[in-house]
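# Per-entry structural report
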Amino acid sequence: MTAGPPEHPYAAGPVDGPDAGSAPATGAAAAHDLAQPQTGTAWRGLPHAEAAPEPARGLSGLMAAGAPEVSARAAAADTAAGVMAMDPGAGASAGTGTGSASAAGTTVTDGSPGGQGIGRSAGEELPRHAGPAGPAYAGAAAPAEANGAGGATGLVPVVGTVGWSASNGSAMATDPVGSGGFGAVAPEASGATGLRYAAVPADAAGPAAPHSAAAAWPAVLPDAVLAGGVRGPEELGVLLGTVLGALAAGAQDRGGPLPPGGPPAVDAAVRRALGGAALPAQGTGAHEALGTLARVLAYGTTDPADPACAGHLHCPPLAVAVAAELAAAALNPSLDSWDQAPAATALETEVVAALAALAGFTPQLASGTVTTGGTESNLLGLLLARDRHGPGAGRHRVLCSDAAHFSVRRSAALLGLGDDAVVPVATCTDHRIDPGALDAVCRRITAANDRPTAIVATAGTTDLGAVDPLAACADVAREHGAWLHVDAAYGGGALFSDRLAPLLTGLDRADSIGLDLHKLGWQPVAAGVFLVRDRALFAPLTQRAKYLNPADDEDAGFPSLLGHSPRTTRRADVFKIAVTLRALGRAGLGALVDRCHELACHAGVRIDRDPGPGALELTAEPVLTTVVFRYVPHPSPGESDGRRSDRVNAELRRRLLTEGRAVVGRTEVGTGPGSVRLKLTLLNPHATERDVDALLNLVIAAGRAVERDL
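Here goes a summary of the coordinates provided. It should be emphasised that the depicted structure is a prediction, and the values quoted were computed from it without experimental measurement. (Residues numbered from 1 in each chain as written. Predicted model: local features only at pLDDT ≥ 70, side-chain atom pairs only at ≥ 80, totals over all residues. Heavy atoms only, no water.)

## Here we look at the nonpolar core
By size, the foremost hydrophobic cluster in this structure holds 59 residues, and its most contacted members are Ile-455, Leu-484, Val-486, Ile-513, Trp-522 and Leu-531. A per-element tally of this core places helix α11 (residues 574–609) first, with seven residues. If we skip the residues at most four places from it in the chain, Trp-522 touches Cys-315, Pro-316, Pro-317, Leu-318, Ala-321, Leu-517, Leu-589, Leu-592, Val-593, Cys-596, Leu-683 and Pro-685. Within the second largest apolar cluster, 28 residues are counted, among which are Ile-607, Val-648, Leu-696 and Ala-702. (Core = buried A, V, L, I, M, F, W, Y, C linked by side-chain atoms within 4.5 Å. Buried < 20%, exposed > 50% of the residue type's maximum accessible area, 1.4 Å probe, protein only. Helix = DSSP H or I, 4+ residues; strand = E, 2+ residues; numbered from the N terminus. Contact = heavy atoms within 4.5 Å.)

## Section: the pattern of salt bridges
Tallied over the full model, the rule gives 33 salt bridges. Between Asp-450 and Arg-397 there is a salt bridge, and its shortest N-O distance comes to 3.4 Å. Linking Asp-450 in the loop between α8 (435–447) and β14 (451–458) with Arg-397 in strand β12 (residues 396–401), this pair joins segments that are 53 residues apart in sequence. On the accessibility criterion, Asp-450 (16% relative accessible area) is buried. Residue Arg-397 is classed as buried on the basis of its relative accessible area of 17%. It is possible to trace a salt-bridge network through shared partners that takes in Glu-325, Arg-571, Asp-573 and Lys-576. (Salt bridge = Lys/Arg side-chain N within 4 Å of Asp/Glu carboxyl O.)

## Quick notes on the environment of Leu-696
Within the secondary structure, Leu-696 is located in helix α13 (residues 689–709). Residue classification places Leu-696 among the buried positions, given a relative accessible area of 0%. In the structure, Leu-696 is positioned 90 residues away from Arg-606 in sequence and 8.5 Å away in space, judged by C-alpha atoms. Those residues within four positions of Leu-696 in sequence are excluded, and the remaining contacts are Ala-603, Arg-606, Ile-607, Leu-616, Phe-629 and Leu-680.

## Quick word on the sheet that holds strand β16 (residues 512–516)
The seven strands lie next to each other as β11-β17-β16-β15-β14-β12-β13, forming an open sheet whose pairing is mixed. The open sheet has two edge strands with one neighbour each: β11 (367–371) and β13 (422–425). Ignoring which end each strand starts from, the neighbouring axes of this sheet average 20° apart. Bridge analysis of β12 against β14 gives five bridges, and the strand direction is parallel. If you follow Cys-400 over to β14, its bridge partner there is Val-456. Each of β11, β12, β14, β15 (483–488), β16 and β17 (528–532) is contacted by helix α6 (residues 374–389), which is oriented at about 180° to β15, the strand it contacts most. (Pairing = 2+ DSSP bridges. Axes fitted to C-alpha atoms, helices over the stretch in contact; angles between N-to-C directions.)

## Focus on the packing of aromatic side chains
In total, this model carries two aromatic pairs according to the counting rule given. With a centroid separation of 5.1 Å and an interplanar angle of 80°, the aromatic rings of Trp-338 and Phe-558 are classed as edge-to-face. Within this pair, whereas Trp-338 is found in the loop between α4 (319–331) and α5 (342–359), its partner Phe-558 is found in the loop between α10 (551–555) and α11, the two being separated by 220 residues in sequence. We classify Trp-338 as partly exposed; its relative accessible area is 31%. The class of Phe-558 is partly exposed, set by a relative accessible area of 38%. Relative to Phe-538, the ring of Phe-530 lies with its centre 6.2 Å away and its plane at 55°, an arrangement referred to as tilted. Each member of the pair, Phe-530 as well as Phe-538, carries the same accessibility label: buried. (Phe/Tyr/Trp six-rings, centres within 6.5 Å; stacked < 30°, edge-to-face > 60°.)

## A short note on the pairing of β12
Burial analysis of β12 places six of its six residues in the buried class, the great majority of the element. Taking every second residue as pointing to the same face, both faces of β12 are buried, with His-396, Val-398 and Cys-400 on one and Arg-397, Leu-399 and Ser-401 on the other. Alignment of β12 against β13, held across four bridges, turns out to be parallel. Considered in β13, the bridge of Leu-399 is made with Val-423. Crossover connection from β12 via helix α7 (residues 407–414) to parallel β13: handedness right-handed. (Right-handed = clockwise from strand over helix to strand, strands pointing away.)

So, in structure tokens, the structure goes:
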């Protein structure tokens, strides 16, 4: 029996039928029919042999194969994409097309975005074809035959069994008795996003069918299966169908870079999805929970992959990095001891050494750790600076430009130095710290019997992307015995670019460096890296915990990274970084950095082209990938130009947000009336100059609309 789709507006996933969980039928003629969920993920255990309901057209089916070698035959296809399963790990499936009901013919999809396929005429041999983006899921190693129709975007996994299904039209998966222990034919039903799974019981005389790892669990824990182990990938495969379908549906619900309606609309959608209970007395099941909440999350997100989302240092992550994140999450290593993360411990050591070399440190001497980002890296830099200087007469003082990140002041407070220990130093007209002023402040501090403990130079300020003169800062630090920490959370990505790397000349003279690869590295949050010139400088963090890093273990060759971080439990964020570095190399990442820099330069030229009221005004030439500007309103009697400018720019940004049309950043340059500015942070290397022009046109139109309404 199947149940209809959930009525909740953001519900996605299967609804359990009344007979779910009862004992499955057996015998060669028996079969499980499948539920028809809204996002197309089906239950495994509905024990009925009756025909499946009329399936719905698949919207966004995953491509996968159930076996290393699966032969398939398509009897009909009524859409242009996808009637055949494939196994990217083994090459692909092979089969023959025997008919077609569409001009495109029977196709083999390639797993790429958009469900690209190869059209075939009736009776043509379908070639072996690997799907670069189509994940494969393990099933039984037996041939499968399907009579079905093609789906909108391709094929779907058959998990824990054999065969495959198309996402539109009836289909049947078979497995001869003796090949994989299955002896039945299963009618299948598809869901709205085209994900379907066959679940065929064994013949009474044959061995038991290994449907999935969940079969070994007690009936009361069907949604508490584990992600790890040999069977974990199969379980993840089933759940990923639900997640990916819900993400696609949520993006369609959103229809832009962010949802319209502002906070009230998003809050209401979340409450509606939760059904009034974030912690229900009884769970709704893994597929329902994932489908419903992933869909509302996708609906209610700001999508940095949308070219109109350019408000923050919030990058669209690379697909390869997100896939790597899944692997790390499934295995769940923790780097506080080697026996929790053997490979991840070695991997972090290697990645840190490679990035240290990129920054100009000697990798054999340098060390570091993966952090949550620039804030943690700044905290670590100041902690090591404080402890190297130790106690003594006079207060510790920290010097940085007046454009430095606010976390410098916060870190000083957390370290017991007091936020007033941070001394801001004036910047020049190019918004970089003035080395002469820096030297003068150090001398003044020393004359007051205090100590210039640390200098924090910024390589890429958040707003204007300004890079302090690092070599000159290093000279001042050496002169006054100060620790030099470089906050390169934003600008550190320039190291990948031959064009922009010279901006960081002198970086190699720092004592410590903070990098953020979830900015110009296109990693999912979080992916920070903290580097030290000399590993001996980590001494203040050294800790010995008998249950984590006993001395005799280290003496025996079991390394420990416990003394590299203020955190104990620490996930393997290094893995996605390692995968990305290997996949793209320095040249590939450098090309992405250069492309975003080109877009910023284009925006600067476009803004400068038409100055005056009712247009835009550029604040400073772009250095990295940020562009700071403002809309210039027409003068209004009785209101100063500065106050009117601040009011219009603030309101036009909120209007774009509320309408769900664009995410534009806001900042201030200077103080007093007229200081409010808008900001584009261009981190999408797939955006085009036309996208940038369209975004700027939205800003102008919103500004003019606000002026009309004032």
